[in-house]
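Read off the chains here:
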Amino acid sequence: MSEALTVSAGSLTVDPDALDAAAGVLARAAADVATCGAELAATALDPALLLSAPLVPATGVPAERALAELLLGPGAAVPLAARVLQLSALLRTASLRYRAGEAAAAAAVQVARRAAAEVVVDVAPALAAGAAGLLAADVALRTAQAQDVVLVRALAQVAARGELDLDELTAIAREEHGRIDDRVRGDVHRTGLLLAEHPWLVQEAVATAPAVLQTAAGRSPLLGAGLTVLSPRLLRPGAGAAEIAGALTAVGGVSPLFRRTEVRVSPAAPRAVPTRPPRGIAEVLDGVAHQSTGFAPDGPAGSVGDRMPAAGRPEAGVVRLERVTHADGSVAWIVEVPGTQDWTPLPTAGGTPMDLTTNLRAVAGQPTATTAAVAEAMRLAGVGAQEPVMLAGHSQGGLTAAALASDEAFLQAYRVTHVVTAGSPVDGIPVPAGVQVLSLEHTGDLVPALDGEAARGSASRTVVRRDVGDDPDFAAAVADDPLVAHGWRSYLDTAALVDSSTDEALVGYRRSAGAFLDAPGARVDVFDYRAQRR
């Protein structure tokens, strides 16, 4: 496999002057491209052009198609300008970090976000109207294209037969106009693809949202009073994704939405029992995948490295612990936590704790039913206080793993030495330096961006980014369905690349995780537990 991995595990020494110069060049280029994009948009959305296109189908509709491709296509001007400007901003922020330090850079970014929030609040009505106008213009364009097809067929009938077949034209018109909804949905889908290609847009929106709410609250006493009651921290300087999530979970105190519940944990019948300990990160994450309700085995063995036999889909809410016993009698534990399995905002008795409520509470930095379930499963399995523990998870599972690894009381009870996350928004979680963290992220995956933080490696955290565009098959799959970038199958492929990488940071992580991996004379026992809300 030839996909490139970008590994971030420490800091670099660079020339701030060079960063500033490069940022200036990029910013000027972005401005030029954005100007072209704005002129194209004004031309494409001109009502006169849209409404006249069906009257002159030979020229009008092809012109609209060409303009639509320039606006919505893969090399569209406005998205290109946004990408270039984003790179410019990253360079300027990096330069500021080198010149004035992390705190000063963060303060400058907050100033910029507050200014942006003022603009958003001021133009919110116009933005809403503009979005409606764009959708209406898109519908008009697709309608014009459908009319063009009918007119072209009518001309063909006259040329071939000397007369019109109205019944045939009616059928064609119904078919073409019946496709308008699908075509418009496809155009909206392209917006989703744009976000999938550039998750930093989501990251920046999340990061700026608190400033927008603070600005709106300052102008509306009623809104300000409501936010003060729900989440006072949201109105303080430095608020971020955690405070937004906290405001939402506060609703659980006065309604059934996002409310906190107790959890019941009981042993579950093991399924897909491994024949040996894992040999790498891919096999660790494969253990996580086997607990996911979206798991469906492929191939005769249904697992990475044929480590586990084929098995059907698992029950919801199952956490697996693998106890690895080495030839010298030493023991290590791998705790495998799947991602979100239920998207309801209404937690109910008997339901899985791996739901939307847990997502919000985890981002808010609050205790969750899933963290409680994992802790109870470890107690029931008999994990020793001095036995090394690796916490591994995908999506919400990784968020749970990082949350536990940052919980002081949990760390006093268990010796967590390693964490593996895949597609998880964990950048804002303060995992102690003594815990080695490996985070896998895809450029097309929106979920890791939901914490509003930029992922950066450190001496104790290795961040691996895989660029979707480096693999044509991966890119095509994501273009067809953006959720593929977040899927566990894609992350298993990335983990396999991690296992085969010769990057110094990845080699070091694998070496440090040796207690959890297969070795001569090692054996594995599994303990499965099912968690349910009470």
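Residues numbered from 1 in each chain as written. Predicted model: local features only at pLDDT ≥ 70, side-chain atom pairs only at ≥ 80, totals over all residues. Heavy atoms only, no water.

Bringing the overall build of the protein chain into the picture now. Secondary structure summary: the protein chain contains 18 helices and nine strands in total. A separation threshold of at least 6 residues defines the contact pool for the protein chain, and within that pool the share at least 24 residues apart is 72%. Counting only carbon and sulfur atoms, one obtains 61% of the accessible surface of the protein chain, whose full area is about 24,800 Å². (Helix = DSSP H or I, 4+ residues; strand = E, 2+ residues; numbered from the N terminus. Contact = heavy atoms within 4.5 Å. Areas by Shrake-Rupley, 256 points an atom, 1.4 Å probe, with all protein chains shown as cover.)

If you trace the nine strands from one edge of the open sheet to the other, you get E1-E8-E7-E6-E5-E4-E3-E9-E2, paired in mixed fashion. Each edge of the open sheet is held by one strand with a lone partner, namely strand E1 (5-8) and strand E2 (263-267). This sheet shows a mean twist of 20° between the axes of neighbouring strands, independent of strand direction. With four bridges joining them, E1 and strand E8 (residues 461-466) adopt antiparallel strand pairing. Paired with Thr6 across the bridge in E8 is Arg465. Along the sheet, helix H14 (residues 396-405) makes contact with strand E4 (331-337), strand E5 (388-394) and strand E6 (415-422), crossing E5 at roughly 145°. (Pairing = 2+ DSSP bridges. Axes fitted to C-alpha atoms, helices over the stretch in contact; angles between N-to-C directions.)

Turning to unusual backbone geometry, a few remarks are in order. At Phe258, a position not held by glycine, the phi torsion is positive, near 55°. Mapped onto the secondary structure, Phe258 falls in the loop between helix H10 (241-249) and E2.

Throughout the structure, instances matching the rule amount to two aromatic pairs. A centroid spacing of 5.6 Å and a plane angle of 40° characterise the contact between Trp333 and Phe527, whose relative ring orientation is tilted. In this pair, Trp333 sits in strand E4 while Phe527 sits in strand E9 (residues 523-533), placing the two residues 194 residues apart along the sequence. With respect to class, Trp333 is no different from Phe527; both count as buried. Their ring planes at 45° and their centres at 5.2 Å tell us that Phe410 and Tyr414 sit as a pair that is tilted. No difference in accessibility class separates Phe410 from Tyr414, as the two residues are buried. (Phe/Tyr/Trp six-rings, centres within 6.5 Å; stacked < 30°, edge-to-face > 60°. Buried < 20%, exposed > 50% of the residue type's maximum accessible area, 1.4 Å probe, protein only.)

On the surface, Val158, Leu164 and Leu166 cluster together to form a nonpolar patch covering roughly 270 Å² of accessible area. With respect to the helices and strands, the residue Leu164 is situated in the loop between helix H5 (102-161) and helix H6 (166-178). (Patch = residues over 30% accessible without salt bridge, like charges linked within 9 Å, V, L, I, M, F, W, Y side chains within 5 Å. Salt bridge = Lys/Arg side-chain N within 4 Å of Asp/Glu carboxyl O.)

Relative orientation and spacing of two packed helices are given, respectively, by the angle between their axes and the distance between those axes. At a minimum axis distance of 10 Å, the contact between helix H13 (residues 369-381) and H14 shows a crossing angle of 70°. The angle between H13 and H14 places the two elements in the roughly perpendicular class. Both H13 and H14 take part in a crossing whose hand is right-handed. Every residue of H14 that contacts H13 at Thr370, Thr371 and Val374 is listed here: Gln396, Thr400, Ala403 and Leu404. Looking at side-chain class alone, the contact of H13 with H14 contains three nonpolar, four polar and no charged residues. (Parallel < 35°, antiparallel > 145°, perpendicular 65-115°, else oblique. Left-handed = near helix turned anticlockwise from the far one by under 90°. Nonpolar A, V, L, I, M, F, W, Y, C, P; charged D, E, K, R; others polar.)

Okay, the pairing of strand E7 (residues 436-442) next. Within E7, six of the seven residues are buried, which leaves it mostly tucked inside the rest of the structure. Across five bridges, E6 lies against E7 in parallel orientation. Looking at the pairing, Val419 lines up with Val437 of E7. In the sheet, E7 pairs with E8 via six bridges, with the strands oriented parallel. Counted as the bridge partner of Glu441 is Arg465 from E8.

Let us look at the pattern of salt bridges. Under the definition given, this model contains 16 salt bridges. Glu243 serves as the salt-bridge partner of Arg233, at 2.8 Å between the closest nitrogen and oxygen. Linking Arg233 in the loop between helix H9 (221-230) and H10 with Glu243 in helix H10, this pair joins segments that are 10 residues apart in sequence. Three or more residues joined by partner-sharing salt bridges are found here, namely Asp17, Asp20 and Arg99.

The next point concerns the environment of Gly393. Relative to the assigned elements, Gly393 resides in strand E5. A C-alpha to C-alpha distance of 5.7 Å links Gly393 and Pro338, two positions 55 residues apart in sequence. Setting aside its immediate chain neighbours within four residues, Gly393 contacts Leu285, Val288, Val337, Gly398, Val420, Thr421, Ala422 and Ser424.

What follows concerns the side chain of Ser460. When you line up the elements, Ser460 lands in the loop between E7 and E8. Apart from the residues lying within four places of it in its own chain, the contact partners of Ser460 are Pro432, Ala433, Val435, Gln436 and Val437.

Moving on to H13. With 13 residues, H13 should cover 18 Å at 1.5 Å per step; its first-to-last C-alpha distance of 18 Å lies within 8% of that length. Of the positions making up H13, those classed as buried are Ala369, Thr370, Thr371, Ala373, Val374, Ala377, Met378 and Ala381. Of the residues flanking the end of H13, it is Gly382, one or two places downstream, whose phi is positive at about 85°. (Expected span 1.5 Å × (residues − 1).)

This brings us to the nonpolar core. As a rule of thumb, soluble globular proteins bury nonpolar side chains together. By size, the foremost hydrophobic cluster in this structure holds 29 residues, and its most contacted members are Leu321, Val335, Met378, Val389, Leu391, Val416 and Val419. If you list the elements that add at least two residues to this core, you get E2, strand E3 (318-325), E4, H13, E5, H14, E6 and E9. If one sorts the elements of this core by residue count, H13 sits on top with six residues. Beyond its immediate sequence surroundings of up to four residues, Val335 is in contact with Val319, Arg320, Leu321, Val374, Met378, Val389, Met390, Leu391 and Ala392. Of all hydrophobic cores here, the second largest spans 25 residues; its members include Ala282, Ala392, Ala495 and Ala513. (Core = buried A, V, L, I, M, F, W, Y, C linked by side-chain atoms within 4.5 Å.)

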